[in-house]
Amino acid sequence: MENPYAEEAEQRWGQTEAYRQSAERTAKYTPQDWERIKAEAAANTAAFTRAFVDGEPAQGELAMDLAEAHRQHISRWFYDCGSEIHRGLGDMYVADPRFTANYDTDHPGLAQFIRDAIHANAARA
């Protein structure tokens, strides 16, 4: 699977255990695995979007459960994603405009909602 940000990711995180784990795991994935990974991620994003549009609080049970599902998805498919690593990833969703645009295109504020739900879930853990 071609990643346009692969070089940047390697420069930023190439020396980390998470990067090594992700590289090892993803090298073995079949096209069917990637379809499943993408479908799971899309379902999680759709559920976050519904919660956001419905006015659910980011600190509420539903949003925190979605954040936990997001964290578990990363841990299952890419690397061991503890609460602190997940919190940093959530921060990146609002700090890096490329991530923000990925979530905010149709629903401005969704990236912040996801970030806040991730932080609330990390605090709950």
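Residues numbered from 1 in each chain as written. Predicted model: local features only at pLDDT ≥ 70, side-chain atom pairs only at ≥ 80, totals over all residues. Heavy atoms only, no water.

Visitor: Please set out the overall build of the chain residue by residue, giving values where relevant.
Guide: Tallying secondary structure elements over the chain gives seven helices and zero strands in all. Listed N to C, the secondary structure of the chain is α-α-α-α-α-α-α in terms of helices and strands. Each of the 125 residues in the chain was classed as buried or not, and the buried ones make up 38%. Long-range pairs, those at least 24 residues apart, make up 65% of the contacts in the chain between residues at least 6 apart in sequence. Total accessible area computed for the chain in this model is approximately 7500 Å², and 53% of it derives from carbon and sulfur atoms. (Helix = DSSP H or I, 4+ residues; strand = E, 2+ residues; numbered from the N terminus. Buried < 20%, exposed > 50% of the residue type's maximum accessible area, 1.4 Å probe, protein only. Contact = heavy atoms within 4.5 Å. Areas by Shrake-Rupley, 256 points an atom, 1.4 Å probe, with all protein chains shown as cover.)

Visitor: Quick one: what's the story with the packing of helix 3 (residues 31-53) against helix 4 (residues 61-77), residue by residue and with numbers?
Guide: Orientation of helix 3 relative to helix 4, taken along the N-to-C sense of each, is 165°, at an axis distance of 10 Å. Relative to helix 4, helix 3 is oriented roughly antiparallel. Remark: the crossing between helix 3 and helix 4 carries left-handed chirality. Contact with helix 3, carried on its side by D33, R36, I37, E40, A41, N44, A47, F48 and A51, involves L62, A63, L66, A67, A69, H70, H73, R76 and W77 of helix 4 and no other residues of that element. Grouping the constituent residues of the contact of helix 3 with helix 4 by class yields 11 nonpolar, three polar and four charged. (Axes fitted to C-alpha atoms, helices over the stretch in contact; angles between N-to-C directions. Parallel < 35°, antiparallel > 145°, perpendicular 65-115°, else oblique. Left-handed = near helix turned anticlockwise from the far one by under 90°. Nonpolar A, V, L, I, M, F, W, Y, C, P; charged D, E, K, R; others polar.)

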